[in-house]
Amino acid sequence: MNKKSTVTIGDNIYDLPLIDGTIGPSVIDVSKLYGDSNYFTYDPGFTSTASCKSSITYIDGDKGECFYRGYPMDVLAEESNFLEIVYLLWQEELPDKKQWSEFSEAIKNHTMVHEQFKNFFNGFRRASHPMAITVACVAALSAFYPDSTNVNDLNQRVISARRMIAKVPTLAAMAYKYSIGQPFIYPDNSLNYTENFLKMCFAVPAETFKVNKVFARALDKIFILHADHEQNASTSTVRLAASSGVNPFASISTGFTSLWGPLHGGANEAALNMLKTIGDVKNIKKYVDKAKDKNDPFRLMGFGHRVYKNYDPRAKVMQKTCHEVLDEVGRSDDKLLEVAKELEKIALNDKYFIEKKLYPNIDFYSGITLSAMGFPSSMFTVLFAIARTAGWLAHWKEMCLDPKNKIGRPRQLYTGEKPRKFKPLQNR
Ligand code: ACO
């Protein structure tokens with residue numbers, strides 16, 4: 001059957017083409033509607049609007065499933081490694097052995113940052129939030145590496161992407177070291193991507209550092225879980241910024257800033273703080289009631305998602321990883337974990353949360369896990385950003401290769417003053 005869609009405005013009927021994807025909802029193409037009818041569509045928060053075509057990640061929010069390039073993300077988290085996922089997102093296929101060896105070596109070649117970066121760090125106050133420093137450093141990459149800023153040059157695009165994958169962990173670890181007043185630790189290319197990051201964060205020059213393999217595997221999984229999530233706020237921000245043709249470092253830095261908000265990547269920090277505030281299972285009811293109270297701005301952090309109307313598949317892997325890390329540090333009876341599990345149980349059986357389809361999201365258990373590994377909560381969003389750099393870069397590349405790419409320019413419903421006459425100050 002030939003599917004057709006029309007919109008009737010007054011006496012006029014406009015045909016709107018329907019476009020099918022491989023799976024998931026089809027879309028109604030409204031791109032010509034304004035030209036034909038003089039009406040815009042209105043969709044604050046993009047709740048019903050697809051802003052682009054993409055072949056990177058598919059989420060089935062009702063079933064609670066997520067796929068990277070067609071592979072179930074929870075399977076990848078258990079069986080692959082983060083750098084392989086970076087390759088998959090960027091190159092569209094998993095690498096064979098030769099491609100893997102070339103790619104992982106190429107990333108290692110870029111792990112160091114320009115020595116002058118140390119001076120850049122010195123301009124920050126010691127107490128600065130590591131995310132504030134990291135955001136600034138990523139934007140500053142375009143000043144340090146101007147030879148890979150031309151978005152129209154394929155070679156420069158590849159080099160800038162590899163630089164960001166390799167250098168963002170180094171900068172993030174430096175931001176952390178700076179904020180706690182410890183010396184920077186240079187990258188160690190004998191280690192894998194995640195082990196090297198742990199070493200740059202937790203080693204000190206005075207002692208020999210031994211990588212904790214359980215932590216390294218857990219963090220690698222966490223990176224995989226956070227690597228991409230289709231057109232979320234930060235990815236859409238990167239796409240919108242990049243649509244102007246600005247250099248890749250500047251584009252990706254906008255992802256960092258958007259991610260930082262408590263409703264997005266900042267939620268893991270907020271979720272852990274919330275669990276600490278609740279403190280004890282006996283206080284849970286009070287906070288669940290607060291979350292349900294329309295007159296109280298309090299929300300259960302780590303609960304709810306725009307797309308998932310079922311258990312977030314990332315939260316399932318995260319919960320298991322949380323147990324593995326707490327076992328490793330001998331804290332399987334951790335008080336916060338006890339509060340989290342009980343809170344989850346109560347909320348999942350509560351009418352308010354059932355009706356609104358509010359389930360734990362990835363951030364619910366990630367804070368406890370990262371904290372048990374030794375990361376302060378101020379580093380949580382930074383860790384998320386390291387992982388999501390892979391997704392932002394894949395979306396940026398997809399956009400650069402799309403011949404239909406145009407500068408992003410949403411329209412508006414104007415509700416301000418009608419044109420009026422200016423009165424000079426002396427007449428007001
Ligand atoms: N606690 C209590 N009530 C909630 C919560 C929550 N965590 N989340 C949503 N609701 C309620 C809202 O009050 C709203 O109720 P209403 O329909 O009676 O007005 C309804 O559920 C729908 O919520 P919206 O905010 O409209 O849903 P939206 O899709 O815009 O927001 C979001 C999704 C931002 C994730 C929201 O659920 C939230 O604020 N959660 C807490 C923050 C959080 O955990 N963010 C992490 C997201 S995952 C990530 O970025 C990796």
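Up top is the structure these notes are about.
These remarks concern the structure in this document. (Residues numbered from 1 in each chain as written. Predicted model: local features only at pLDDT ≥ 70, side-chain atom pairs only at ≥ 80, totals over all residues. Heavy atoms only, no water.)

A word on the overall build of the protein chain
Cut-off, in case you're wondering: Comment: elements are numbered from the N terminus, with helices defined as DSSP H or I runs of at least four residues and strands as E runs of at least two. C-alpha atoms define the radius of gyration in this analysis, and the globule rule sets the expected value at 2.2 Å times the number of residues to the power 0.38. Contacts between residues were defined by any pair of non-hydrogen atoms, one from each residue, lying within 4.5 Å. All accessible areas in this document rest on Shrake-Rupley with a 1.4 Å probe, and a residue is counted as covered only by the protein chains that are shown. Under the counting rule used here, the positive set is Lys and Arg, the negative set is Asp and Glu, and His together with the chain ends is not counted. The atom standing in for a charge is NZ when the residue is Lys, CZ when it is Arg, CG when it is Asp and CD when it is Glu.
Across its full length, the protein chain holds 18 helices and seven strands. The globule rule puts the C-alpha radius of gyration for 428 residues at 22 Å, and the 23 Å found for the protein chain is close to it. In the protein chain, the share of contacts with a sequence separation of at least 24, taken over all contacts with a separation of at least 6, comes to 71%. Working note: accessible area of the protein chain is about 22300 Å², and carbon and sulfur atoms make up 52% of it. One way to put it: in the protein chain the 54 positive side-chain charges average out to a point 7 Å from where the 47 negative ones average out.

Here we look at the sheet that holds strand β7 (residues 71-72)
Here is the rule we go by: Here the rule is simple: two strands pair whenever DSSP picks up at least two bridges between them.
As summarised here, the arrangement of the three strands in space is β5-β6-β7, forming an open sheet in which the pairing is antiparallel. The open sheet is flanked by β5 (57-60) and β7, the only strands paired with a single partner. Sheet topology note: the β5/strand β6 (residues 65-68) ladder contains four bridges and is antiparallel. Note that in β6 the partner of Asp60 across the bridge is Glu65.

Things to note about the environment of Leu263
Relative to the assigned elements, Leu263 resides in the loop between α11 (248-259) and α12 (267-278). Spatially, the C-alpha atom of Leu263 lies 8.4 Å from that of Met301, the residues being 38 residues apart in sequence.

What about the packing of helix α3 (residues 82-91) against helix α4 (residues 97-108)?
The cut-off we apply is this: All axes here are fitted lines through C-alpha atoms, helices being fitted over the stretch that makes contact, and every angle between N-to-C directions spans 0 to 180 degrees. For classification purposes, angles smaller than 35 degrees are called roughly parallel, those larger than 145 roughly antiparallel, those between 65 and 115 roughly perpendicular, and all remaining angles oblique. For this classification, the nonpolar set comprises Ala, Val, Leu, Ile, Met, Phe, Trp, Tyr, Cys and Pro, the charged set comprises Asp, Glu, Lys and Arg, and every other residue, Gly included, is treated as polar.
Where α3 contacts α4, the two axes come as close as 11 Å, and the packing angle between them is 105°. In this view, α3 runs roughly perpendicular relative to α4, as classed from their interaxial angle. From α3, Leu83, Glu84, Val86 and Tyr87 reach across to α4, where they touch Gln99, Trp100, Phe103, Ser104 and Ile107. Among the residues making up the contact of α3 with α4, the classes are represented as six nonpolar, two polar and one charged.

Digging into helix α8 (residues 193-202)
Selection criterion: Three exposure classes are used, based on accessible area relative to the maximum for each residue type with a 1.4 Å probe and protein chains only: buried under 20%, partly exposed in between, and exposed over 50%. Whenever a nitrogen or oxygen atom comes within 3.5 Å of another N or O atom, the pair is scored as a polar contact, on the condition that within protein one atom can donate a hydrogen and the other can accept it, and that pairs from neighbouring residues in sequence are kept only if both atoms are in side chains.
Buried residues dominate α8, accounting for eight of its 10 residues. By the burial criterion, the buried members of α8 are Tyr193, Thr194, Glu195, Asn196, Phe197, Leu198, Met200 and Cys201. On its buried side, α8 packs onto α3, α4, α7 (154-179), α9 (213-226) and α18 (380-401). For α8, the N-terminal cap is Asn192; the gap from its side-chain oxygen to the backbone nitrogen of Thr194 is 3.1 Å.

With respect to the site of the ligand
Using the following cut-off: Whether a residue is near a molecule or strand is decided by its heavy atoms; if any one of them lies within 4 Å of it, the residue is near.
Arg299, Leu300, Gly302, Arg306 and Lys356 are the nearest of the 20 residues found near the ligand. One of the side-chain N or O atoms of Lys294 is found 2.9 Å from an oxygen atom in the ligand. Contacts to the ligand include Gly302, whose backbone N or O atom sits 2.8 Å from an oxygen atom. Here the ligand, which alone exposes 910 Å², has 76% of that area covered by the protein. Of the residues belonging to the shell around the ligand, the class tally is 10 nonpolar, five polar and five charged.

Just distances and angles here, no functional claims.
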